[in-house]
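Breakdown of the fold
The residues making up each chain are set out below.
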Amino acid sequence: MIYMEKLENFMREYARKYNGHPQIEFIDIGTYGIFGEGHSPEGSKIPLEVIKWHIDIHAKYFPDTLILVNDDMLRNYNDEQSLVELANYCLEKNIGLRDDSALVAFYARHYGFNTLCKPELFNLFAERFPVDIESAHQQFILPEVARGELTYFEVLRNSHAS
C-alpha cells in the first residue's frame, strides 16, 4: 500500500507537468514488474486487480496523452481469458500497445520471425491506436535472426494489421 500511495502522488505531479505536453509522444505504463514491463519472478502471479490499478492510475492522470502498455504486462497471464480481459480493459481505457523485443533471438526461436509472442494482440490494438515496436539492443541481434538489411522493417510490416 505504501508503494501505491507514493506512486499515485508521483503520477499526480508527473502529470501536472507532462500531461498533454507537445513534446511527449506517449507515456509507457512501466510502473510494475521487472524492467517496468509487468514481469514477475518465476512462479508468482500478479493479481489482475493490481495490473488494472496501474492502468487506471495512468489513465486518470494522463487523459490528454497517448498511453501504451507493454505486451508483457498482458502476457503475464498464461490463460487466454485473463489476457483477453486485460486487452479489452486497455482498449476501453484508450490505451495502446508496445513491445520491446523485436528480433530478440529467444523469441525468434520460440515465436517465429516477427518475434512477437502474441501478434494477434498487436492486430487488435493497431486497429484503434498507434503501436510501438522496439528492437532488441543491436549487439544482441544474432545473424540467424537478422536476415538482411531490412529485417527490422519486415518485422514491423508483418507484426500488425496493414
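Presented here is a report on the structure given in the accompanying data block. All of these numbers come straight from a predicted model, not from anything done at the bench. (Residues numbered from 1 in each chain as written. Predicted model: local features only at pLDDT ≥ 70, side-chain atom pairs only at ≥ 80, totals over all residues. Heavy atoms only, no water.)

Here's the deal with the nonpolar core
As a reminder, the rule being used: As used in this record, nonpolar core signifies buried Ala, Val, Leu, Ile, Met, Phe, Trp, Tyr and Cys residues forming a set joined through side-chain atoms within 4.5 Å. Per-residue accessibility, obtained with a 1.4 Å probe over protein chains only, is compared with the maximum for each type, and a residue is labelled buried under 20%, exposed over 50%, and partly exposed between these values. Comment: elements are numbered from the N terminus, with helices defined as DSSP H or I runs of at least four residues and strands as E runs of at least two. The contact rule is simple, with two residues in contact once any of their heavy atoms fall within 4.5 Å.
If you look at the biggest cluster of nonpolar residues, it comprises 31 residues, and the most contacted ones within it are Ile55, Val69, Leu74, Leu121 and Phe125. Elements that contribute at least two residues to this core include exactly α1 (2–18), β1 (27–29), α2 (48–61), β2 (67–70), α3 (71–75), α4 (80–92), β3 (95–102) and α6 (119–126). If we skip the residues at most four places from it in the chain, Phe125 touches Leu74, Ala87, Cys90, Leu91, Ile95, Gly96, Leu97 and Val131.

Some details on the environment of Pro63
In this structure, Pro63 sits in the loop between α2 and β2. For the pair formed by Pro63 and Lys93, sequence separation is 30 residues and the distance between their alpha carbons is 9.5 Å.

Considerations on the pattern of salt bridges
The test is simple: Definition used for salt bridges: Asp or Glu carboxyl oxygen within 4 Å of a side-chain nitrogen of Lys or Arg.
Counting across every chain of the model gives 6 salt bridges. Residues Lys52 and Glu85 are paired through a salt bridge, measuring 2.6 Å at the closest nitrogen-oxygen approach. Here Lys52, found in helix α2, pairs with Glu85, found in helix α4; they are 33 residues apart in sequence, far enough to count as distant. By relative accessible area, Lys52 is classed as buried at 19%. One salt bridge connects Arg98 with Asp132, and the closest N-O pair in it is separated by 3.1 Å.

Some remarks on the sheet that holds strand β4 (residues 131–135)
Keep this limit in mind: At least two DSSP bridges between two strands are required for those strands to pair. Under this scheme, a helix contributes an axis fitted over its contacting stretch, all axes are lines through C-alpha atoms, and angles between N-to-C directions fall in the 0 to 180 degree range.
Read from one edge to the other, the open sheet built from 4 strands follows the order β1-β2-β3-β4, with strand pairing classed as parallel. What marks the edges here is a single partner per strand, and that holds for β1 and β4. The mean angle between the axes of side-by-side strands here comes to 30°, regardless of whether they run parallel or antiparallel. Relative to β2, β1 runs parallel, the two sharing 3 bridges. Within the sheet, the bridge partner assigned to Ile27 lies in β2 and is Ile67.

Examining the environment of Met4
Relative to the assigned elements, Met4 resides in helix α1. By relative accessible area, Met4 is classed as partly exposed at 24%. Separated by 49 residues in sequence, Met4 and Trp53 place their C-alpha atoms 9.0 Å apart.

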